[in-house]
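Now for the letters of each chain:
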Amino acid sequence: MYRRPLQSAVRNFINVTASRAAYGKVVDQEACCVRACQLARVPSPCLKPCRTLHTTTQLCNVKETPQHTEEEVGAFTKLIEAMGFTGPLKYNKWKIKIAALRMYTCCVERVNYDEFFDKCSLPDTLNSWFLVAQLHVWMCLVRMRQEGREGKYMCRYIVHSMWEDVEQRSKIMGIDASHRKEGMKAMTETFYAAIFGYDEGILSDDCVLAAALWRNLFNCQCDDPKQLELMVEYVRKQMQFIDALDGEDLMLTGEVKWRPLVEENAQSILKVATPTYNDTGL
């Protein structure tokens, strides 16, 4: 008669004891986890890690100078630019056009083409002149594309000035209209193919850049690896030199100076020196 209540009481006691034991284990496990997290956050003075792990969310840039951030434009500006027109810019458009013409002039008049023909074994022809000119024009385009909408607007007129100059030179040389049209078409295809190849090369290693120069500058007719090495070195040092130039000065003046093709110590690529002033402003 009294056995069933006694059995139920013993069963309840055992269940309560087991649940308390399980709860105690869970609490102990949570305490151990919390303690382990605290030990992981606060390093012990006697335990030193072999090496530190560096983590960052910052993306690596190709150039050392800070990249230009795209400015936000209104809906009206986006609409008219989508229709093929140019919206309002930070600088006067006529000043940008004049600077673009001056920058192209620097690509033509400040480059020693005879030295390129001699060092690279290129024939003294209009096509060879164009291949060297388009290389320097491409370097200017790469630099100005980093200046936002104004830089892209300037790139358009740099290319426009180049085609105007090529057409005038072909007329002076006495090329008739039909052959001039065919030549301009071939040069246009060569130019845009070279743009893609040079862009890939400047973002890759020297082997890719050398292949782009071999295809576009040497017309796949270079058997001397020293000539390719010279041109790869020239493009690398020239791009680093142009990247150091102030973007606002380039937008307003278009003045570009080129480093010589052959230098005694080409590895010492220094940025353009900025003026320093003392306490009196001198």
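- The protein goes by Ubiquinol-cytochrome c reductase complex assembly factor 1 in an unreviewed UniProt entry, where it is assigned to Sander lucioperca.
- According to the UniProt record, the Sequence similarities (unreviewed entry) comment for the protein is "Belongs to the CBP3 family."

1. Looking at helix 8 (residues 206-216)
- Looking only at helix 8, the buried set comprises Leu 209, Ala 210, Ala 212, Leu 213 and Asn 216. Buried residues of helix 8, seen end-on, are gathered within an arc of 160° and therefore sit on one face of the element.
- Along its buried surface, helix 8 packs onto helix 5 (126-144), helix 7 (177-203) and helix 9 (225-243).

2. A look at the packing of helix 7 against helix 8
- One can describe the packing of helix 7 onto helix 8 by two numbers: an axis separation of 7 Å at closest approach and a directional angle of 160°. For the element pair helix 7 / helix 8, the angle class is roughly antiparallel. Crossing geometry of helix 7 relative to helix 8 is assigned as left-handed. Residues Ala 193, Ala 194, Gly 197, Tyr 198, Glu 200, Gly 201 and Ile 202 of helix 7 touch helix 8, and the partners they reach there are Val 208, Leu 209, Ala 212, Leu 213, Arg 215 and Asn 216.
- Split into classes, the residues belonging to the contact of helix 7 with helix 8 amount to eight nonpolar, three polar and two charged.

3. Things to note about the nonpolar core
- One finds Trp 129, Leu 213, Met 231 and Trp 258 to be the most contacted residues of the largest nonpolar core, which totals 64 residues.
- Mapped by element, the contributors of at least two residues to this core are helix 3 (93-109), helix 4 (113-119), helix 5, helix 6 (148-172), helix 7, helix 8, helix 9 and helix 10 (247-253).
- No other element matches helix 5, which puts 14 residues into this core.
- Beyond its immediate chain neighbours, meaning those up to four positions away, Leu 213 contacts Leu 135, Tyr 198, Phe 218, Leu 228, Met 231, Val 232 and Val 235.

4. Let's talk about helix 6
- The first and last C-alpha atoms of helix 6 sit 37 Å apart over 25 residues, in line with the 36 Å expected at 1.5 Å per residue.
- After helix 6 finishes, the residue Gly 174 shows a positive phi value of roughly 85°.

5. Some thoughts on the pattern of salt bridges
- Overall, the coordinates contain nine salt bridges when judged by the stated rule.
- Here Arg 169 ties to Asp 165 by a salt bridge, and the two come within 3.0 Å at their closest N and O atoms. Here the residue Arg 169 and the residue Asp 165 both occupy positions in helix 6, the gap between them amounting to four residues, near one helical turn.
- Looking at Arg 169, the relative accessible area reads 28%, which means it is partly exposed.
- Given the relative accessible area of 18%, Asp 165 is considered buried.
- Of the charged contacts in the structure, one is a salt bridge between Glu 263 and Lys 237, with a shortest N-O distance of 2.7 Å. Of this pair, Glu 263 sits in the segment after helix 10 while Lys 237 is found in helix 9, placing the two residues 26 residues apart along the sequence.

Rules behind the numbers
Residues numbered from 1 in each chain as written. Predicted model: local features only at pLDDT ≥ 70, side-chain atom pairs only at ≥ 80, totals over all residues. Heavy atoms only, no water. UniProt positions renumbered as here; feature names shortened; annotations may be inferred. Buried < 20%, exposed > 50% of the residue type's maximum accessible area, 1.4 Å probe, protein only. Helix = DSSP H or I, 4+ residues; strand = E, 2+ residues; numbered from the N terminus. Arc of directions from axis to C-beta. Contact = heavy atoms within 4.5 Å. Axes fitted to C-alpha atoms, helices over the stretch in contact; angles between N-to-C directions. Parallel < 35°, antiparallel > 145°, perpendicular 65-115°, else oblique. Left-handed = near helix turned anticlockwise from the far one by under 90°. Nonpolar A, V, L, I, M, F, W, Y, C, P; charged D, E, K, R; others polar. Core = buried A, V, L, I, M, F, W, Y, C linked by side-chain atoms within 4.5 Å. Expected span 1.5 Å × (residues − 1). Salt bridge = Lys/Arg side-chain N within 4 Å of Asp/Glu carboxyl O.

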